[in-house]
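Structural overview
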Amino acid sequence: MELLPRSPAEFGSARYWDRFFRQRGQRPFEWYGAFPELCPVLHKYVRPRDKVLVVGCGNSELSEQMYDVGMCQDIVNIDVSDAAVRQMRERSAGTRPGLSYLLMDMLHMDFPDAHFQVVLDKGTLDALLTDEEEATLGKVEQMFAEISRVLQVGGRYLCVSLAQAHVLKKAVEYFSQEGWVVRVHQVASSGDEQQFVLPVFVYVMTKFRKVPGSAARILEICPEEQDRPLRVESAERLLAAVRDRQHYALLCSQISKTPCREQVSLDLCDRESGKPRYTLHVVDSPSVKPSRDNRFAIFIIPQGRETEWLFGTEEGRRQLAASAAFGRLLTVALHREQLYEGMAAIQAELSAKVMELAPPGLPARQQVPFLSVGGDIGVRAVRHRGSSALSGDFVVEDVKGDGSCYFRRLVFLQNRNVVQSEARLLAPTPLPGQKKRRKDKKKPSPTEPPGAVDKSYLCCEHHKAMVAGLCLLGGPDALPGELAVLVVGLGGGSLPLFVHDYFSQARVAVVEIDPSMLEVATRWFGFCQGERMQVHVCDGLDYVAKLAAEAPAQYDAIMFDVDSKDLTVGMSCPPPAFVEEPFLQKVKTILKPEG
Ligand SMILES: C[S@@+](CC[C@H](N)C(=O)[O-])C[C@H]1O[C@@H](n2cnc3c(N)ncnc32)[C@H](O)[C@@H]1O
């Protein structure tokens, strides 16, 4: 049986549809969106006393089901296919007096103006708008104009659609320009595996009187899992939100059928603010031998620790998944701008959502464990928020590390996966004479004043390597009596501070391009200038060039610890100019011969 048209344009021809329904016979054909799924949305917009018009009814059971459950008692159905209309009349003859079926073209309807409260279309606009040719768009506008004409003010045009971008765009633009309120509902899927992969949407366009000169357009989206509509500011935003939902549905469908070779990452956003709340990574471990209980687990990364190698890199997560010994591990990172009440609340919030990302072969009703480090969600307390022209918005935050240590971190929000500076915090020490009572032993809470900075701590491997290099200066001989060190890049200041404190003969000059970093280092990271420590706020490239011209052979050691403000580089490293030969020549010029 050949049911598909030779070309998509045939979807707009009465001949095609007539042949379709003749060949199809008596069996109802539901294009998509079955009644049980559509029912919650339809209930909101169809009232029992409404006069409802169904355009392009085909031989779908939708009208019969709406009628049979008492959703409404007056439904007029039209179609251009004589075969469909005859079949439907026969099916309801004598049993459903409020249902009528008419052979009528929706582009030229016989109904008087403002005759209906609801026009319902399931798949008919999708079938007509197969391309963006002028002739097609002309027909669609004619369809919209007819629907507008037969609807009362306050009436609703409900269009069930797969929301292909050009279809949604046309409908949204047309009706919002007419001054109607446009709301797009995503229909909650029934979870039936045989079902269509693409999510179904219902556009609800409510007719308003056109107010001349009024430009305010109301556009809203109701995602599947929530009732309350969210306002969006433009048709583009509405289209983008629908596209996100379609991509998500496709992704879920794909990874529920096959293991993912590459790690998949996605953000789940807060309903109210639209800001990312959870960042998820789906990590499959093909080497894990599947058993009933080890197919799927969720791992909650403690707050503030998402930047650590194990959680923040692909390789780290792969190792984490393999050592957790689950076929699929879903890592969940928590965002700093969001509030979390605790592990139980996170589990409650995520448990339905994460099942959409379950691996193939997960037994039905399988309990999926939530794993974490030590059973808690970690502690992150933002101590300071700032903004600078050079580095953008940044935060200083205290984070509980592995064990009982706390760390203070500087993070530039435009590069939130990279810690710019880190200091270890000392546990608060009791004041002299103050006895340590039992309750003083309690863990510091985020609201407690932080302990002082532990200046003996070097946070990263490259700092340790640079300090080790400093020890090697002078070869087998002792270090020079005076050590002139230049550090380019202050950040939180822990590297220059360490050099200053542990090399008593060192005079440290620091160059920092961003004046707000000096403020941050001083206020939050225990940094201070003094006789052996001087900060120059300027560009490191200029500083080195100036010295090379004016005062060569100055330094025993020069350390570079600068980031690139250009995020397109894709990693945290100095800007290219720092490693180009002309600059390195200047660096050489300002180093002492043995430096
Ligand atoms: C994709 S089918 C949808 C059928 C039904 N609503 C469903 O969901 O199963 C499109 C229907 O629109 C009808 N149709 C196409 N052009 C039409 C027109 N100009 N006026 C009325 N019906 C039309 C076709 O005959 C067909 O039944």
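Residues numbered from 1 in each chain as written. Predicted model: local features only at pLDDT ≥ 70, side-chain atom pairs only at ≥ 80, totals over all residues. Heavy atoms only, no water.

If you check an unreviewed UniProt entry, the protein appears there as eEF1A lysine and N-terminal methyltransferase from Cardinalis cardinalis.

Next up on the list: the overall build of the protein. A tally of regular secondary structure across the protein gives 16 helices and 23 strands. Taking 595 residues into account, the globule formula puts the C-alpha radius of gyration at 25 Å, and the protein, at 33 Å, lies well above it. The principal-axis extents of the C-alpha atoms in the protein amount to approximately 105 × 55 × 50 Å. Counting only residues that meet the buried cut, the protein has 49% of its 595 residues in that class. In the protein, the share of contacts with a sequence separation of at least 24, taken over all contacts with a separation of at least 6, comes to 69%. (Helix = DSSP H or I, 4+ residues; strand = E, 2+ residues; numbered from the N terminus. Rg over C-alpha atoms; globule rule 2.2 N^0.38 Å. Buried < 20%, exposed > 50% of the residue type's maximum accessible area, 1.4 Å probe, protein only. Contact = heavy atoms within 4.5 Å.)

What follows covers the nonpolar core. Judged by nonpolar contacts, the single largest core of 43 residues is most densely connected at Leu-53, Leu-125, Tyr-157 and Tyr-203. Ignoring anything within four residues of it in the chain, the contact list for Tyr-157 reads Val-119, Asp-121, Leu-125, Met-143, Phe-144, Ile-147, Leu-151, Phe-175, Trp-180, Tyr-203, Val-204 and Met-205. Tyr-32, Met-66, Leu-162 and Val-202 belong to the second-largest nonpolar core, a separate cluster that totals 30 residues. (Core = buried A, V, L, I, M, F, W, Y, C linked by side-chain atoms within 4.5 Å.)

Below, the discussion takes up the sheet that holds strand β22 (residues 533-537). Spatial ordering of the open sheet is given by β22-β21-β20-β23, a layout of four strands whose pairing is parallel. Looking at the sheet topology across the chains shown, the edges are occupied by β22 and β23 (557-560). Put simply, the sheet's adjacent strands are angled 15° from each other on average, direction ignored. Where strand β20 (residues 483-488) and strand β21 (residues 506-512) come together, six bridges link them in parallel fashion. Paired with Val-488 across the two strands is Val-511, which belongs to β21. The strands touched by helix α13 (residues 494-502) within the sheet are β20, β21, β22 and β23, with β21 carrying the most contacts at an inclination of about 170°. (Pairing = 2+ DSSP bridges. Axes fitted to C-alpha atoms, helices over the stretch in contact; angles between N-to-C directions.)

Looking now at the pattern of salt bridges. For the structure shown, the criterion picks out 35 salt bridges. Put simply, Arg-408 and Asp-398 hold a salt bridge, and the shortest N to O gap is 2.7 Å. In this pair, Arg-408 is assigned in strand β17 (residues 406-412) and Asp-398 in strand β16 (residues 392-400), connecting sequence segments ten residues apart. Members of the salt-bridge network, linked through shared partners, are Glu-64, Asp-68, Arg-91 and Arg-96. (Salt bridge = Lys/Arg side-chain N within 4 Å of Asp/Glu carboxyl O.)

With that out of the way, let us pick up the sheet that holds strand β3 (residues 99-103). Strand pairing in a sheet takes place through backbone hydrogen bonds and is either antiparallel or parallel in direction. As summarised here, the arrangement of the nine strands in space is β3-β2-β1-β4-β5-β7-β6-β8-β9, forming an open sheet in which the pairing is mixed. Here the strands that pair on one side only, and so sit at the sheet edges, are β3 and β9 (230-232). Recorded for the sheet is a direction-independent mean angle of 20° between the axes of neighbouring strands. Against the sheet, helix α4 (residues 82-92) engages β2 (74-79) and β3, with an angle of about 160° to β3. Sitting on the sheet, helix α7 (residues 165-177) touches β5 (151-161), β6 (181-186), β7 (201-206) and β8 (219-222), and the angle it makes with β7 is about 10°.

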